[in-house]
Amino acid sequence: MTKEHDSKDCVTVCVRVRPMNSKEKDTSCENIITVDQPKGTVVVQNPKNGPNKTFTFDHAFPFDVKQVDVYNSVARPIVDSALEGYNGTIFAYGQTGTGKTYTMAGERKIPEKRGIIPNSFAHIFGHIAKAEGKTRFLVRVSYLEIYCEDVVDLLGDVKAKLQVKEHPERGVYVKDLTSVIVKNADEMDKLMNKGNSSRKVGATNMNDKSSRSHAIFTVTIEQSEVGEDGEEHVRMGKLNLVDLAGSERQTKTGAEGQRLVEANKINWSLTCLGNVISTLVDGKSKHIPYRDSKLTRLLQDSLGGNAKTTMIANFGPADYNFDETVGTLRYADRAKRIKNKPKINEDPKDAMLREFLQQIEELRKQLGSDEEGEEDSSDEDEEEEEVVGWDGQII
């Protein structure tokens, strides 16, 4: 069962420019980006003396923004919503080598450089620790990648290719995807590290550690509390944390062989994502092409469906990437016009917490039955002792 939200929510769109990298500095590239953070605007200077291009977003972050400021502005509201029982999605988009993985994961061993995903772990369990009353929580995680249109379980058998299914009540899901119950942020972090060790990465001319797959880390948060009717009610929020592989131009990345195959698949799925966004914004077609790729299928609820969604568009500052930067910002500008229909997921039939609570209640009943049996047996013995004397005569 779902509880309707009062109004439709537009996708929140933020942009973040990374600093100049060493290669850009060595080749004397020029900075063409001006960010006005308070106004949320980005001005892109045309290196060919054409007109400048200005874009406005919900948030615009300069190259020196702190990771915690990005988290508090962009991610915290989505995580709070997931803790209330909504579905939430945060995903990073952009050209390869623009800092998407740094935004989402960061450097976990350095607290001030941790990205959105590890910061969300601490946020979730910090909230649970402060929960009042008899509210009970169950948190579980899954981690998958989409590599060359194959769905791979990063916490299970990485050689298996999983199927994307759809159920009338459950919605779109991945069959046989591993789901692990976690008790604290450290356990979540270890599982993320385990998944990252299996993720496909490779070197290109644009990025020494280029992600060759899209990755989705999902946190499911179930909570149970007694309602005004005296009954136990369960809410279940799902938080999808998505690190997309970057769009690529073969002339710049120098991709060959398998790297080129990967790039073609990455670009294809990102094109499908763009088509979904365009169709949703256009509003003229009743058919939304979610089924064109595994990525759009799995993000179906996040784009135009039952979720609160934030998109972070990452881009570079150099004149060398003017076309790619403008393309990314246009892509993001379209996305901010998408309207979702988020709902609180109340008493979902696939909630594991409800099943556990029922098992606990059954065990209590069994325990109570055993204790009553022991008491009855004791009472009978006591009754016999009261009517029979030491010499066997009835008193």
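Heads up: the structure comes first, above all this text.
Here is a short report on the structure shown in this document. What you see is a predicted model; the values in this text were computed from it and never measured.

With respect to unusual backbone geometry
Turning to step 1, where the next piece is worked out: Positive phi, normally seen in glycine, also occurs at Glu149, with a value near 70°.
Turning to step 2, where the next piece is worked out: With respect to the helices, strands and loops of the structure, Glu149 is situated in the loop between strand E9 (136–147) and strand E10 (150–153).
Turning to step 3, where the next piece is worked out: Positive phi is not limited to glycine here, since Asp176 has a value of about 65°.
Turning to step 4, where the next piece is worked out: Here Asp176 lies in the loop between strand E12 (171–174) and strand E13 (180–182).

Description of the nonpolar core
Turning to step 1, where the next piece is worked out: Of all hydrophobic cores here, the largest spans 44 residues; its most connected members are Val15, Val42, Val44, Leu244, Leu273, Met311 and Leu329.
Turning to step 2, where the next piece is worked out: The set of elements that each furnish at least two residues to this core consists of strand E3 (12–17), strand E5 (41–44), strand E8 (88–94), E9, helix H7 (258–282), helix H8 (294–298), strand E18 (308–315) and helix H9 (322–335).
Turning to step 3, where the next piece is worked out: Of the residues forming this core, the biggest block, six residues, is contributed by H9.
Turning to step 4, where the next piece is worked out: In terms of nonpolar packing, the next biggest core, distinct from the first, is built from 38 residues, Leu83, Ile90, Phe125 and Leu154 among them.

Focus: the sheet that holds E5
Turning to step 1, where the next piece is worked out: If you trace the three strands from one edge of the open sheet to the other, you get E4-E5-E6, paired in antiparallel fashion. Either end of the sheet is taken by a strand with one partner, and the two such strands are strand E4 (33–36) and strand E6 (53–56). Strand-to-strand twist of the sheet, defined as the mean angle between neighbouring strand axes without regard to direction, takes the value 15°.
Turning to step 2, where the next piece is worked out: Bridge analysis of E4 against E5 gives four bridges, and the strand direction is antiparallel. Counted as the bridge partner of Val35 is Val42 from E5.

Here we look at the packing of aromatic side chains
One pair of aromatic rings is described through two measures. These are the centre distance and the angle between the planes.
Turning to step 1, where the next piece is worked out: The full count for this structure, using the stated rule, is four aromatic pairs.
Turning to step 2, where the next piece is worked out: With a centroid separation of 4.0 Å and an interplanar angle of 10°, the aromatic rings of Tyr93 and Tyr331 are classed as stacked. On the criterion of sequence distance, the pair formed by Tyr93 in strand E8 and Tyr331 in helix H9 is long-range, its members being 238 residues apart.
Turning to step 3, where the next piece is worked out: Under the relative-accessibility criterion, Tyr93 is labelled buried at 6%.

Side note on the environment of Val79
Turning to step 1, where the next piece is worked out: Mapped onto the fold, Val79 is located in helix H2 (residues 67–84).
Turning to step 2, where the next piece is worked out: On a C-alpha basis, the gap between Val79 and Lys308 in space is 9.7 Å, while along the polypeptide they are 229 residues apart.
Turning to step 3, where the next piece is worked out: If near-sequence neighbours (up to four positions away) are discounted, Val79 is found in contact with Tyr71, Ser120, His123, Ile124 and Leu239.

Overview of the packing of H2 against helix H4 (residues 116–130)
Turning to step 1, where the next piece is worked out: Where H2 contacts H4, the two axes come as close as 10 Å, and the packing angle between them is 45°. Comparing the axis directions of H2 and H4 gives the class oblique. Two packed elements cross with a definite hand, and for H2 against H4 that hand is right-handed. Contacts between H2 and H4 pair Val70, Tyr71, Ala75, Arg76, Val79, Asp80 and Leu83 from the former with Ile116, Asn119, Ser120, His123, Ile124 and His127 from the latter.
Turning to step 2, where the next piece is worked out: Taken together, the residues that form the contact of H2 with H4 break down as seven nonpolar, four polar and two charged.

Considerations on the pattern of salt bridges
Turning to step 1, where the next piece is worked out: Overall, the coordinates contain eleven salt bridges when judged by the stated rule.
Turning to step 2, where the next piece is worked out: A salt bridge links Asp9 to Lys308; the nearest nitrogen and oxygen atoms lie 2.9 Å apart. Taken together, the residues Asp9 in strand E2 (residues 9–10) and Lys308 in strand E18 connect sequence positions 299 residues apart.
Turning to step 3, where the next piece is worked out: Across the pair Lys336 and Asp333 runs a salt bridge, and its minimum N-O distance is 3.0 Å.
Turning to step 4, where the next piece is worked out: The exposure class of Lys336 is partly exposed, given its relative accessible area of 26%.
Turning to step 5, where the next piece is worked out: Through salt bridges with shared partners, a single network forms among Glu166, Arg291 and Arg297.

A look at the side chain of Thr98
Turning to step 1, where the next piece is worked out: Secondary-structure assignment places Thr98 in the loop between E8 and helix H3 (100–104).
Turning to step 2, where the next piece is worked out: Here Thr98 falls in the buried class, since its relative accessible area comes to 2%.
Turning to step 3, where the next piece is worked out: Within the structure, the side chain of Thr98 is placed 3.4 Å from the backbone oxygen of Asn314, a separation counted as a polar contact.
Turning to step 4, where the next piece is worked out: Aside from chain neighbours lying at most four places away, what touches Thr98 is Arg18, Asn314, Phe315 and Gly316.

Some thoughts on H4
Turning to step 1, where the next piece is worked out: Its 15 residues give H4 an end-to-end C-alpha distance of 21 Å, which sits within 8% of 21 Å, the value for a rise of 1.5 Å per residue.
Turning to step 2, where the next piece is worked out: Turning to H4, its buried residues are Ile116, Ile117, Pro118, Asn119, Ser120, Phe121, His123, Ile124, Phe125 and Ile128.

Overview of the packing of H4 against helix H5 (residues 185–198)
Turning to step 1, where the next piece is worked out: Here H4 crosses H5 at 155°, and the two axes come no closer than 9 Å. The pairing of H4 with H5 is recorded here as roughly antiparallel in orientation. Note on packing geometry: the crossing formed by H4 with H5 is right-handed. Contact residues: H4 offers Ile117, Pro118, Phe121, Ala122, Ile124 and Phe125, while H5 offers Ala185, Met188, Asp189 and Met192.
Turning to step 2, where the next piece is worked out: Taken together, the residues that form the contact of H4 with H5 break down as nine nonpolar, no polar and one charged.

Rules and cut-offs
- Residues numbered from 1 in each chain as written.
- Predicted model: local features only at pLDDT ≥ 70, side-chain atom pairs only at ≥ 80, totals over all residues.
- Heavy atoms only, no water.
- Helix = DSSP H or I, 4+ residues; strand = E, 2+ residues; numbered from the N terminus.
- Core = buried A, V, L, I, M, F, W, Y, C linked by side-chain atoms within 4.5 Å.
- Buried < 20%, exposed > 50% of the residue type's maximum accessible area, 1.4 Å probe, protein only.
- Pairing = 2+ DSSP bridges.
- Axes fitted to C-alpha atoms, helices over the stretch in contact; angles between N-to-C directions.
- Phe/Tyr/Trp six-rings, centres within 6.5 Å; stacked < 30°, edge-to-face > 60°.
- Contact = heavy atoms within 4.5 Å.
- Parallel < 35°, antiparallel > 145°, perpendicular 65-115°, else oblique.
- Left-handed = near helix turned anticlockwise from the far one by under 90°.
- Nonpolar A, V, L, I, M, F, W, Y, C, P; charged D, E, K, R; others polar.
- Salt bridge = Lys/Arg side-chain N within 4 Å of Asp/Glu carboxyl O.
- Polar contact = N/O pair within 3.5 Å; in protein donor to acceptor, adjacent residues only side chain to side chain.
- Expected span 1.5 Å × (residues − 1).

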